[in-house]
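# Coordinate inspection notes
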Amino acid sequence: MDIAVNTSQSKYHVNEKGYFGNFGGAYIPEMLYPNVEELREQYLQIMADPAFQQEFEQLLKDYVGRPSPLYFASRLSQKYGAQIYLKREDLNHTGAHKINNTIGQILLAKRLGKKRIIAETGAGQHGVATATVCALMGLECVVYMGSVDIQRQAPNVARMQMLGATVVPATSGSKTLKDATNEAIRDWINNPVDTHYIIGSVVGPHPYPDMVARFQSVISEEVRKQLLEKTGKETPTYVIACVGGGSNAAGAFFHFTDEDEVELIAVEAAGKGVHSGFSAATSQLGRPGVIHASKTLLMQTEDGQIVEPHSISAGLDYPGVGPFHAHLYESGRAVFLNSTDNEALAAGYELSLLEGIIPALESAHALAKLADLPLKKDEVVVVCLSGRGDKDLETYIKHLK
Amino acid sequence: MNRIDQLFSTKGQNILNIYCTAGYPALHDTVTIVEALQQSGADMVELGMPFSDPLADGPVIQDSSTRAIANGMRISVLFEQLKDFRSKVTIPVVLMGYLNPVLQFGVENFCRACAEVGVDGLILPDLPMDEYENEYRPLFEQYGLHLIFLVTPETTEARIRKIDSLSKGFVYAVSSSSTTGKNKDMTGQEAYFARLKAMGLKNPVLVGFGIRDKGTFQAACASSNGAIIGTAFVKAIENSTNLQADIAGFVKGILA
Ligand SMILES: Cc1ncc(COP(=O)(O)O)c(C=O)c1O
């Protein structure tokens, strides 16, 4: 495993100014400048350090359990008439892809001499992954979580607390991921010296979108090797991943962007329907603007006020996408589809019954689009199964009737 | 001459700049408040354009923004309200806001409207310095608008110099690294203010964040050209039933 350390190996990756095409940058107030600048100056250098890479790889292997399996889902394949592989990020320690990033960032934070870690979380997976690495490294951890999400993802709140983290409810706005992110940024403004902010997705000011994508790029790096082993070819026909902020999709797409024959399918949350007024399908509903210090696509009113999104899945309930995805969308390199709450629930049940795997509701959004693709029997499809569904059992069961 | 420059050329010390969110507490209070502030002796007013996600603000200004948006405040409404305000108000007025609503309004449209109604300057905390320099500066200058940048105790000297060279009107010295409305005291900040003073910047310096009463105002003024009061004022008028009297009382409490 090696982390992609050179900038701009691909026209889809970040450029030296911190932009993906027209998107990205660092739209930060001066109060955040020293923090973000310190990170920008140092992240590539730190990530390129062999000692850092060795520690990162060791932890991914022994602590997270990587490489995560690429599982050939035979009954699912039969049903949809294609060769469907699931990238099992759900089998990672803590149950989702989020830990790939938190391991990377905690090692970085240590090298920057930080003593205190803050994070935002939606589904709680990133919060748990952050609390976990903080326990591992003995660092103080504060996680901001929307008060609505605290209710719908209660098991993860308990896990964070057991891991020694302080969970602070975000009570402004829609009381979900966007607001938790605001609160985490405010905390960082108020603690400019000793604190590192572990952002959980490919969002926020440069260098976060690039840094998080690089830590998550281990997903597609492994997929290539595993496909070669299993199919004799490194590239599939399709890579499908759900997009909240976009980190699991960024990781799953990262090493495929330059091969045009690989179709990249990003699946957003349509909520109750794209045009129902209760949706989080940013590429369909958004326009370019600035959210959380990044120029990207976001859902907003005509006046530029950020709109409150809706998704049954807390991890996708975000009114923006990362700038990498905005660029993939604008350039047409990736196809953006969306799944409704009900489609995702049905796909979650289907995978449970066909393969014995209960997926996270987020990941179920990606699975739900298998039904919509014009698949052919010998086509290879990789679905990023970004997380497991334990945290969503209550929601699944509530909708069983 | 820009009204901000005029002010500093006639009165260099103890400048009192008061922040209020436009459209708050009620939608059509904006101009009433600006007038009352002028009458009460404030030297300058900073009007906040409310944003749904004000990252640099604490709970009080967040709540005022939420309320103003719910009242119906938006940039086009604000310009409508300010249409004739220059027939009554002579003190400088700067607009403060986050970048996204301005981008959606259109930066050139925005600058033109500011010039038409008689706005003197802008504070856009999340507009990056190099983007201003490379994209927007000629536009702002064409419309005679002063862009005011922030510095903090963590800002390096080289960067302060760069900020000073790009800023016009004044430099906004954030008193401590914090969101708005934190009641940190001003002791311990002397070294920072002294450092700023010793740098001999081309712009005057106003201190903001945490200035809330006579004591903190005077402490800030001791080593700068004046100070900006936001949260304390927003709180003071939250439930006001007599804006003129309450504003006069507030300003008197600071200046008397
Ligand atoms: C299992 C899982 N998948 C996906 C996501 C969405 O995040 P991203 O789009 O950054 O991968 C989350 C977020 O909480 C998650 O927990």
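Check the entry above for the structure.
For every chain, the first residue of its written sequence is number 1, and the numbers climb from 1 along that sequence. Think of it this way: whatever chain is written first is A, whatever ligand is written first is 1, and the rest follow in order. With pLDDT at 70 or above as the cut-off, local features in this predicted model cover only qualifying residues; side-chain atom pairs require 80 or more to be listed or tallied, and sums for whole chains, interfaces and linings still use all residues. To get the side-chain values, take all heavy atoms of the structure and skip hydrogens and water.

This part covers helix α10 (residues 214-222) of chain B. Working note: α-helix, 3.6 residues per turn, so residues spaced by three or four point in the same direction. Under the scheme applied here, a residue whose accessible area is under 20% of the maximum for its type counts as buried, over 50% as exposed, and between as partly exposed, the area being computed with a 1.4 Å probe on protein chains only. Strands here are runs of E lasting at least two residues and helices are runs of H or I lasting at least four, both read from the DSSP assignment and numbered beginning at the N terminus. Of the residues making up α10 of chain B, those classed as buried are Thr216, Phe217, Ala220 and Cys221 of chain B. Down the axis of α10 of chain B, the sector holding all buried residues measures 135 degrees, keeping them to one side. Summarising the geometry, the arc corresponds to the directions from the helix axis toward the C-beta atoms.

Residues and elements named next belong to chain A. Where helix α2 (residues 50-64) meets helix α4 (residues 98-111), the closest approach of the two axes is 10 Å, and the angle between their N-to-C directions is 140 degrees. Looking at the two axes, α2 sits oblique to α4. Once α2 is placed against α4, the crossing between them reads as right-handed. Only Ile99, Asn100, Ile103, Gly104, Leu107, Leu108, Lys110 and Arg111 of α4 make contact with α2, whose side of the interface consists of Ala51, Phe52, Glu55, Phe56, Leu59, Leu60, Tyr63 and Val64. All residues other than Ala, Val, Leu, Ile, Met, Phe, Trp, Tyr, Cys, Pro, Asp, Glu, Lys and Arg, Gly among them, are scored as polar; the first ten of these are nonpolar and the last four charged. Of the residues in the contact of α2 with α4, the class split is eleven nonpolar, two polar and three charged. Whenever a helix is involved, its axis is fitted only over the stretch in contact; in every case the axis is a line through C-alpha atoms, and angles between N-to-C directions fall within 0 to 180 degrees. The scheme is simple: roughly parallel for angles under 35 degrees, roughly antiparallel for over 145, roughly perpendicular for 65 to 115, oblique for anything else. The crossing is said to be left-handed when, going from far helix to near helix, the turn is anticlockwise and less than a right angle, and right-handed when the turn is clockwise. Here a residue-residue contact requires only that any non-hydrogen atoms of the pair lie within 4.5 Å.

Residue and element names in this part refer to chain B. Sulfur atoms of two cysteines make up a disulfide when they are within 2.5 Å. For the structure on display, the rule yields zero disulfides over all chains. Cysteine Cys111 is unpaired, with the sulfur of Cys114 as its nearest cysteine sulfur at 6.4 Å. Look at Cys111 and you get buried, because its relative accessible area is 0%.

The next point concerns the side chain of Lys391 of chain A. Residues and elements named next belong to chain A. Structurally, the position occupied by Lys391 is in the loop between β14 (380-385) and α16 (393-398). Pairs of N or O atoms are called polar contacts if they sit within 3.5 Å, as long as, within protein, a hydrogen donor faces a hydrogen acceptor (for residues adjacent in sequence, only side-chain-to-side-chain pairs). A distance of 2.7 Å separates a polar atom in the side chain of Lys391 from a polar atom in the side chain of Glu362. Leave out the neighbours within four places in its chain, and Lys391 touches Ala123, Gln125, Arg152, Gln153, Pro155, Asn156, Ala360, Leu361 and Glu362.

Residue and element names in this part refer to chain A. Taken in spatial order, the six strands of this open sheet run β3-β4-β14-β9-β10-β13, and their pairing is mixed. In this open sheet, the two strands that pair with only one neighbour each are β3 (70-72) and β13 (334-340). Recorded for the sheet is a direction-independent mean angle of 25 degrees between the axes of neighbouring strands. Here the rule is simple: two strands pair whenever DSSP picks up at least two bridges between them. In the sheet, strand β9 (residues 238-242) pairs with β14 via three bridges, with the strands oriented parallel. The partner of Ile240 across the bridge, within β14, is Val383. The strands touched by helix α14 (residues 341-355) within the sheet are β3, β4 (83-88), β10 (263-271), β13 and β14, with β13 carrying the most contacts at an inclination of about 90 degrees.

In this section: the packing of helix α7 (residues 129-142) of chain B against helix α8 (residues 157-166) of chain B. Working note: a packed helix pair is described by the angle between its axes plus the distance between those axes. All names here are of chain B. At their nearest, the axes of α7 and α8 sit 11 Å apart, and the two run at 25 degrees to each other. Considering the angle they form, α7 stands roughly parallel to α8. Along this stretch, α7 crosses α8, giving a crossing that reads as left-handed. Touching Met129, Tyr132, Glu133 and Arg137 of α7 are Arg159, Lys162, Ile163, Ser165 and Leu166, all from α8.

Right, let's talk about unusual backbone geometry for a bit. Of note, the bond from Arg66 of chain A into Pro67 of chain A is cis; its omega dihedral lies within 30 degrees of zero at -5 degrees. As for its position among the elements, Pro67 of chain A is in the loop between α2 and β3. Cis geometry marks the peptide bond from His206 of chain A to Pro207 of chain A; its omega dihedral reads 15 degrees. Looking at where Pro207 of chain A falls in the secondary structure, it is placed in the loop between β8 (195-197) and α9 (208-216). The backbone phi angle of Asn14 of chain B is positive, close to 55 degrees, even though this residue is not glycine. Structurally, the position occupied by Asn14 of chain B is in the loop between α1 (3-10) and β1 (15-21).

Bear in mind that shape data such as this cannot, by itself, settle questions of function.
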